[in-house]
Amino acid sequence: MSALYIDADACPVKDEAERVATRHGLRMFVVSNGGLRPSRNPLVETVIVPDGPDVADMWIADRAGVGDVVVTGDIPLAAKCVEAGARVIKHNGEALTKANIGNVLATRDLMTDLRAADPFRQGGGKGFTKADRSRFLEALEREIRAAQKAG
């Protein structure tokens, strides 16, 4: 059976993901190192992992595979999940696949290097919009249906 894994730290679409998972009768794991209010939904399990670098990511990567969907903005985690056969989407609905994960990882690494080379470089990501939320919902529906067929 398929499962939905949410890398919950700083995830702006937990509620939307829960609604979609419930509609599909899909088990959902909300993984973080704390600070989240557990859902009363019996399909949703809140997983609190110990503090430490990438502990939540490792928990998800150790479990996600073919037939599962992972929601994360963490590119190294996404790469591990794609390699394991899971379907992966970012919070804005962008699918991360075997075809594009290499380029996404390379871009991430390049941007890390550029930021390190220029400590005065400022700026953050753009804000999360209603259009991003809508794209996410459409992408999650699509990925869940595809994962259920694959699993």
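The coordinates are above.
Worth saying up front: this structure is predicted, and the values here are computed from it rather than measured.

(A) Structural view of the overall build of the protein chain. Within the protein chain, the secondary structure is distributed over five helices and six strands. In the protein chain, the order of α-helices and β-strands from amino to carboxyl end is β-α-β-β-α-β-α-β-β-α-α. Buried residues in the protein chain amount to 38% of all 151 residues. Long-range contacts, defined here as pairs at least 24 residues apart, represent 50% of the contacts in the protein chain between residues at least 6 apart. Surface exposure of the protein chain reaches about 8600 Å², of which carbon and sulfur atoms provide 52%.

(B) The arrangement of the sheet that holds strand 5 (residues 87–89) in detail. If you trace the six strands from one edge of the open sheet to the other, you get 3-2-1-4-5-6, paired in mixed fashion. With one partner strand each, in any of the chains shown, strand 3 (44–48) and strand 6 (95–96) form the two edges of the open sheet. In terms of strand pairing, strand 4 (residues 69–71) meets strand 5 through three bridges, oriented parallel. Considered in strand 5, the bridge of Val 71 is made with Ile 89. Those strands touched by helix 1 (residues 14–24) are strand 1 (3–7), strand 2 (27–32) and strand 3, and its axis lies near 160 degrees from that of strand 2.

(C) Just the pairing of strand 2, in detail. For strand 2, the buried fraction is high: five of the six residues fall into the buried class. Since strand 1 and strand 2 lie parallel, the crossover through helix 1 that links them has a hand, and here it is right-handed. As paired elements, strand 2 and strand 3 share five bridges and run parallel to each other. Paired with Val 30 across the two strands is Thr 46, which belongs to strand 3.

Definitions and cut-offs
Residues numbered from 1 in each chain as written. Predicted model: local features only at pLDDT ≥ 70, side-chain atom pairs only at ≥ 80, totals over all residues. Heavy atoms only, no water. Helix = DSSP H or I, 4+ residues; strand = E, 2+ residues; numbered from the N terminus. Buried < 20%, exposed > 50% of the residue type's maximum accessible area, 1.4 Å probe, protein only. Contact = heavy atoms within 4.5 Å. Areas by Shrake-Rupley, 256 points an atom, 1.4 Å probe, with all protein chains shown as cover. Pairing = 2+ DSSP bridges. Axes fitted to C-alpha atoms, helices over the stretch in contact; angles between N-to-C directions. Right-handed = clockwise from strand over helix to strand, strands pointing away.

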